[in-house]
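# Structural features, examined
If you want the building blocks of each chain, they are given just below.
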Amino acid sequence: MFKLLAVLALVGACVAHRFKGGHYRQTKDKDDYAYKSSSWEEAHEYDECPEFDDSYEEDAEGSGDTAKNGMHHFMSRHHPKLIEDTCINVDAGPVCPNFSREESGHCGFETVTIPKGWWMVADIDMADEMGVRNAYKDKIYYGYREPNKIRFMIPVIVKWHLEDGNRVKGELAMYVPPEHQEAPPASTTEKVKIEEWPETKVYVRPYGGYRDDEAFRKQFEHLRTALNDAKVSFDKSIEMEAGYTYLRYGRQRIEAMVIAN
């Protein structure tokens, strides 16, 4: 059962699987779930910029609307799930790597530092409508995690390479769990690379919803605008999506992310 659920844990920037077991609560059957939420201020480490009048920060949460994909029981835009409610410890160890978060000192974004570490990485087939899903299922899961008995970690990161503002190449990445960081198992397939990423500073905006929401794409525009207004330099050739939550169940958290120069 666990293996099946792990395979179905669709990512792509932003989907992420949560362990089934004593530390996992599937919230779709919780009557009081929908309105047990964080505030906007609690969900991130910044104030919203007043000029973003089309931002969802001041909107009321939905009351059980169905998502465009028809699969979610609570899918009007909503407050992103809190990091501390997502990056928990389970019996096997921490679910998230030790990202550090700090106030940016400016409206519209927060600053996150990703520690140096090993990641499993697979290319996304840009011609495949299900390219993100298959990069995880066919490559990361079947090609590396399952044969090496590697547990699931969040966030799942999708890195998009841009040319003239268009996404021309994509990679899906998952952090190698701490117990394997010193000596990660070698990949036996060319579909999965084991890469050591340097410590990286990124700027992010969290979002409560799905990666294919038009409003989520808008978060990248807001992020770039806020960074430019703050005169903060960032890499304009890459944008990333970091997914922290299990697709279709419960409150969501996906982050729009760019890399600091």
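First, a word on what this report is: a plain description of the structure on this page.

Calculation notes
Residues numbered from 1 in each chain as written. Predicted model: local features only at pLDDT ≥ 70, side-chain atom pairs only at ≥ 80, totals over all residues. Heavy atoms only, no water. Pairing = 2+ DSSP bridges. Helix = DSSP H or I, 4+ residues; strand = E, 2+ residues; numbered from the N terminus. Axes fitted to C-alpha atoms, helices over the stretch in contact; angles between N-to-C directions. Contact = heavy atoms within 4.5 Å. Buried < 20%, exposed > 50% of the residue type's maximum accessible area, 1.4 Å probe, protein only. Polar contact = N/O pair within 3.5 Å; in protein donor to acceptor, adjacent residues only side chain to side chain. Core = buried A, V, L, I, M, F, W, Y, C linked by side-chain atoms within 4.5 Å. Salt bridge = Lys/Arg side-chain N within 4 Å of Asp/Glu carboxyl O.

Another point: the sheet that holds strand S6 (residues 156-163). Reading across the sheet, the nine strands line up as S3-S4-S9-S11-S10-S6-S7-S5-S8 and stay open at both edges, with antiparallel pairing between neighbours. With partners counted over all chains shown, the strands left at the sheet margins are strand S3 (100-102) and strand S8 (193-197), one partner each. Strand-to-strand twist of the sheet, defined as the mean angle between neighbouring strand axes without regard to direction, takes the value 35°. Direction of pairing for strand S10 (residues 238-243) relative to strand S11 (residues 254-259): antiparallel, over a ladder of four bridges. Within S11, the position partnered with Ala242 by the bridge is Glu255. Along the sheet, helix H4 (residues 131-148) contacts strand S5 (117-124), S6, strand S7 (166-175) and S8; its crossing angle with S5, the most-contacted strand, is approximately 130°. Strand contacts of helix H5 (residues 214-229): S7, strand S9 (200-207), S10 and S11, with the helix running at about 40° to S11, the strand carrying the most contacts.

What follows concerns the side chain of Glu239. Structurally, Glu239 can be placed in strand S10. Of the residues examined, Glu239 reaches a relative accessible area of 2% and is grouped as buried. In this structure the side chain of Glu239 is engaged in a polar contact, spanning 2.8 Å, whose partner is the side chain of Arg167. A polar atom in the side chain of Glu239 sits 3.0 Å from the side chain of Arg224.

On the secondary structure map, Arg151 appears in the loop between H4 and S6. One polar contact links the side chain of Arg151 to the main-chain carbonyl oxygen of Pro94, over a distance of 2.8 Å. Looking at Arg151, its side chain comes within polar contact range of the side chain of Glu179, at 2.7 Å.

Counting buried residues along S9, seven of its eight residues qualify, which places the element largely inside the surrounding structure. Note: strand S4 (residues 110-114) against S9, five bridges, orientation antiparallel. What sits directly across from Glu110, in S9, is Val204. Alignment of S9 against S11, held across six bridges, turns out to be antiparallel. Looking at the pairing, Tyr203 lines up with Val258 of S11.

A few words on the nonpolar core. If you look at the biggest cluster of nonpolar residues, it comprises 43 residues, and the most contacted ones within it are Trp119, Met120, Leu172 and Val202. For this core, the secondary structure elements donating two or more residues are S4, S5, H4, S6, S7, S9, S10 and S11. Considering every element that reaches this core, the biggest residue donor is H4, with six residues. Among all residues touching Trp119, those that are not within four sequence positions of it are Phe99, Ile114, Pro155, Ile157, Ala173, Met174, Tyr175, Val176, Lys193, Ile194, Glu195 and Trp197.

This next bit is on the pattern of salt bridges. Per the counting criterion, the structure on display carries 17 salt bridges. When the shortest N-O distance is used, the salt bridge between Arg224 and Glu239 registers 3.0 Å. Linking Arg224 in helix H5 with Glu239 in strand S10, this pair joins segments that are 15 residues apart in sequence. Arg224 sits in the partly exposed class, given a relative accessible area of 26%. Put simply, Arg253 and Glu255 hold a salt bridge, and the shortest N to O gap is 3.0 Å. Side by side, Arg253 and Glu255 carry an identical accessibility label, which is buried. One salt-bridge network, in which partners are shared between bridges, spans Arg167, Arg211, Arg217, Arg224, Glu239 and Glu241.

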